[in-house]
Amino acid sequence: MTEQVNRQVVSDISSPDILMTEQQLRVQMTTLARSMFERGYATGGAGNLSLKLPDGTFLATPTGSSFGRLDPQRLSVVDLDGKHLSGDRPSKEVAFHLAIYQNKPDCNAIVHLHSTYLTALSCLEGLDPDNAISAFTPYYVMRIGKLPVVPYLRPGDPRIAEELGKLAKNSRAFLLANHGPVITGTDFTDAVDNAEELEETAKLALMLKGRAIRYLTEPEIEDLKGRGK
């Protein structure tokens, strides 16, 4: 019977997230996290995830957990103030997730990765602090828009939350210098899709480095804003 229920939950992960139960959201998080791990977006215990639950609390990955080995029933639950309510102890970085939720009402999920290309990009000198990647594909504009850079702070430093809280209102994604990306979404599927598009954009940007790139013009960028992803 349990296996039948789990299969049904997995089959429902493509449903609109707002209609999903807490158990379905737990399985969705672990299923998509494993997919990201298997495709190389995460390694070891790096990175963390969170999403807003129907009761207004937040589901998050536990400290030191691997995206490839998450247990739906052991995921952490915290409130908006960061109080640990149930499950394993949450990642210390859940604090900056909560700072984003507090300042970005349309954000319902967050993906933080140490993915190869975005982390490589985060280690380069001379990045534009307002936008680390100038737009050269329409998909980057429609899904991300711009990528502001947070100056280097050690992992777990409370100032990361402060910086992301300031930027949250006007951006969908952020790049932590010498660390990696933080990506938001209207639901968990959207956040994962945004993360994948952003990683691919960083890969292309690094591949094209030193070449003459045709960047999108301001009128072209404006034409894309507000269009479907």
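Scope of this entry: the structure provided in the associated data block. (Residues numbered from 1 in each chain as written. Predicted model: local features only at pLDDT ≥ 70, side-chain atom pairs only at ≥ 80, totals over all residues. Heavy atoms only, no water.)

This paragraph deals with the overall build of the chain. Scanning the chain from terminus to terminus reveals 8 helices and 8 strands. Against the 2.2 N^0.38 benchmark of 17 Å for 229 residues, the chain shows a C-alpha radius of gyration of 17 Å, consistent with a compact globule. Overall, the chain is about 60 × 35 × 30 Å in size when its C-alpha atoms are taken along their principal axes. Expressed as a percentage of its 229 residues, the buried residues of the chain come to 49%. The contacts in the chain between residues at least 6 apart in sequence include a share of 61% that link residues at least 24 apart. Of the charged side chains in the chain, 25 are positive and 29 negative; the average position of the first set lies 2 Å away from that of the second. (Helix = DSSP H or I, 4+ residues; strand = E, 2+ residues; numbered from the N terminus. Rg over C-alpha atoms; globule rule 2.2 N^0.38 Å. Buried < 20%, exposed > 50% of the residue type's maximum accessible area, 1.4 Å probe, protein only. Contact = heavy atoms within 4.5 Å. Lys, Arg positive; Asp, Glu negative; His and termini not counted. Charge placed at Lys NZ, Arg CZ, Asp CG, Glu CD.)

A word on the packing of aromatic side chains. In total, this model carries 2 aromatic pairs according to the counting rule given. Summarising the aromatic geometry, the rings of Phe58 and Tyr101 are spaced 4.4 Å apart at their centres and angled 35° between planes, so their arrangement reads as tilted. Taken as a pair, Phe58 in strand E2 (residues 58-60) and Tyr101 in helix H3 (residues 94-103) lie far apart in primary sequence, 43 residues in all. Both residues of the pair, Phe58 and Tyr101, count as buried. Geometrically, the ring pair formed by Phe136 and Tyr215 is edge-to-face, given 6.5 Å between the ring centres and 70° between the ring planes. In this pair, Phe136 is assigned in the loop between helix H4 (116-122) and helix H5 (138-143) and Tyr215 in the loop between helix H7 (188-207) and helix H8 (218-224), connecting sequence segments 79 residues apart. Judged by relative accessible area, which is 41%, Tyr215 ranks as partly exposed. (Phe/Tyr/Trp six-rings, centres within 6.5 Å; stacked < 30°, edge-to-face > 60°.)

Now for the side chain of Thr57. Relative to the assigned elements, Thr57 resides in the loop between strand E1 (48-52) and E2. Taking the relative accessible area as the measure of exposure, Thr57 reaches 13% and is therefore buried. Side-chain polar atoms of Thr57 contact the side chain of Asp55, separated by 2.6 Å. Once residues within four sequence positions are removed from consideration, Thr57 is found in contact with Leu51, Lys52, Val77, Val78 and Leu85. (Polar contact = N/O pair within 3.5 Å; in protein donor to acceptor, adjacent residues only side chain to side chain.)

Further remarks concern the nonpolar core. Residues Val111, Leu121, Ile133, Leu147, Phe188 and Leu198 are the most contacted members of the largest nonpolar core, which totals 46 residues. At 7 residues, the largest contribution of residues to this core is made by H7. Not counting residues within four places of it along the chain, the set of residues in contact with Ile133 comprises Leu121, Tyr140, Leu147, Leu198, Thr201 and Ala202. If you look at the next biggest cluster of nonpolar residues, it comprises 20 residues, including Ala99, Val150, Phe174 and Val182. (Core = buried A, V, L, I, M, F, W, Y, C linked by side-chain atoms within 4.5 Å.)

Counting buried residues in strand E8 (residues 180-185) gives 6 out of 6 residues, a clear majority hidden from the surface. The pairing of strand E5 (residues 109-112) with E8 spans 4 bridges and is antiparallel. The residue of E8 that forms the bridge with Ile110 is Thr184. (Pairing = 2+ DSSP bridges.)

Relative to the helices and strands, Gly156 resides in the loop between strand E6 (149-150) and helix H6 (158-167). Using a relative accessible area of 26% as the deciding quantity, one classes Gly156 as partly exposed. Residues Gly156 and Ala95, spaced 61 residues apart in sequence, show a C-alpha to C-alpha distance of 8.4 Å. For Gly156, the residues in contact, after removing those within four places along its chain, are Lys92 and Glu93.

Read from one edge of the open sheet, 8 strands run E4-E3-E2-E1-E5-E8-E7-E6, paired in mixed fashion. The open sheet is flanked by strand E4 (84-86) and E6, the only strands paired with a single partner. Here strand E7 (residues 173-176) pairs with E8 via 4 bridges, running antiparallel. Its bridge partner being in E8, Leu175 is matched across the sheet by Pro181.

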